[in-house]
Amino acid sequence: QLQLVESGGGLVQPGGSLRLSCVASGFTLDEYNIGWIRQAPGKEREGVSCISGSAGRTNYLDSVKGRFTMSKDNAKNTVYLQMNGLKPEDTGVYYCAVGPLRTYYYCEGYVPNSLYDYWGQGTQVTVSS
């Protein structure tokens, strides 16, 4: 019954902002690492950010630090990715995914599909003028 549903993607001009949401069901957020992973056509899967544990520690890909912010709302069982100052190279399908807490230490940069146990369906983010 574990399920992840992403939303919030769309088309935005460079410098614009989007807020992605991932609504989770069937598990307690604090017990897992929740990641955002993106993939552009012809490129490998890239871990963007993750949030883990009851303390809500976050990690970020170097190229998004200072522009992207993850947060979570336990009452709503939802995690968010606020994306500001978007660039064309941010374009891709963004997935949220759930894995054990240890995946926090591997969540930025390339991540194999097997790193996470459950994946959402993805939401398209396109940054273009």
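Our structure is the block above this text.
A brief report on the enclosed structure follows. Just so it is clear, the model here is predicted, and its values are computed rather than measured.

On to the overall build of the protein chain. Tallying secondary structure elements over the protein chain gives 0 helices and 12 strands in all. Sequence-ordered secondary structure for the protein chain, helices as α and strands as β, is β-β-β-β-β-β-β-β-β-β-β-β. Relative to a compact globule of 129 residues, whose C-alpha radius of gyration would be 14 Å, the protein chain shows 13 Å and is just as compact. Principal axes of the C-alpha set define a box for the protein chain whose edges measure 40 × 30 × 25 Å.

A few words now on the state of the cysteines. Applying the stated criterion to the full structure yields 2 disulfides. The disulfide partner of Cys22 is Cys96, and the gap between their sulfur atoms is 2.0 Å. The sign of the 65° torsion about the S-S bond sets the Cys22-Cys96 disulfide as right-handed. Of this pair, Cys22 sits in strand 3 (residues 18–25) while Cys96 sits in strand 9 (residues 92–99), and the two are 74 residues apart along the sequence.

As summarised here, the arrangement of the 4 strands in space is 1-3-8-7, forming an open sheet in which the pairing is antiparallel. The sheet is open, and its two edges are formed by strand 1 (3–7) and strand 7 (68–73), each paired on a single side. Taken pair by pair, the neighbouring strands of this sheet meet at an average axis angle of 15°, ignoring direction. By the bridge criterion, 5 bridges tie strand 1 to strand 3 in an arrangement that is antiparallel.

The next thing to look at is the packing of aromatic side chains. Going through the model one piece at a time under the given rule, you end up with 4 aromatic pairs. Geometrically, the ring pair formed by Tyr104 and Tyr105 is edge-to-face, given 5.4 Å between the ring centres and 90° between the ring planes. Centre to centre, the rings of Tyr116 and Trp119 are 5.8 Å apart; their planes meet at 80°, and the pair counts as edge-to-face. Among the aromatic residues, those joined into a cluster by ring pairs are Tyr95, Tyr116 and Trp119.

Secondary-structure assignment places Asn59 in strand 6 (residues 57–60). A polar contact is formed between the side chain of Asn59 and the backbone oxygen of Tyr104, at a distance of 3.1 Å. For Asn59, the contacting residues outside a window of four places in its chain are Val48, Ser49, Cys50, Tyr104, Cys107 and Glu108.

Reading the values: the criteria
- Residues numbered from 1 in each chain as written.
- Predicted model: local features only at pLDDT ≥ 70, side-chain atom pairs only at ≥ 80, totals over all residues.
- Heavy atoms only, no water.
- Helix = DSSP H or I, 4+ residues; strand = E, 2+ residues; numbered from the N terminus.
- Rg over C-alpha atoms; globule rule 2.2 N^0.38 Å.
- Disulfide = S-S within 2.5 Å.
- Pairing = 2+ DSSP bridges.
- Axes fitted to C-alpha atoms, helices over the stretch in contact; angles between N-to-C directions.
- Phe/Tyr/Trp six-rings, centres within 6.5 Å; stacked < 30°, edge-to-face > 60°.
- Polar contact = N/O pair within 3.5 Å; in protein donor to acceptor, adjacent residues only side chain to side chain.
- Contact = heavy atoms within 4.5 Å.

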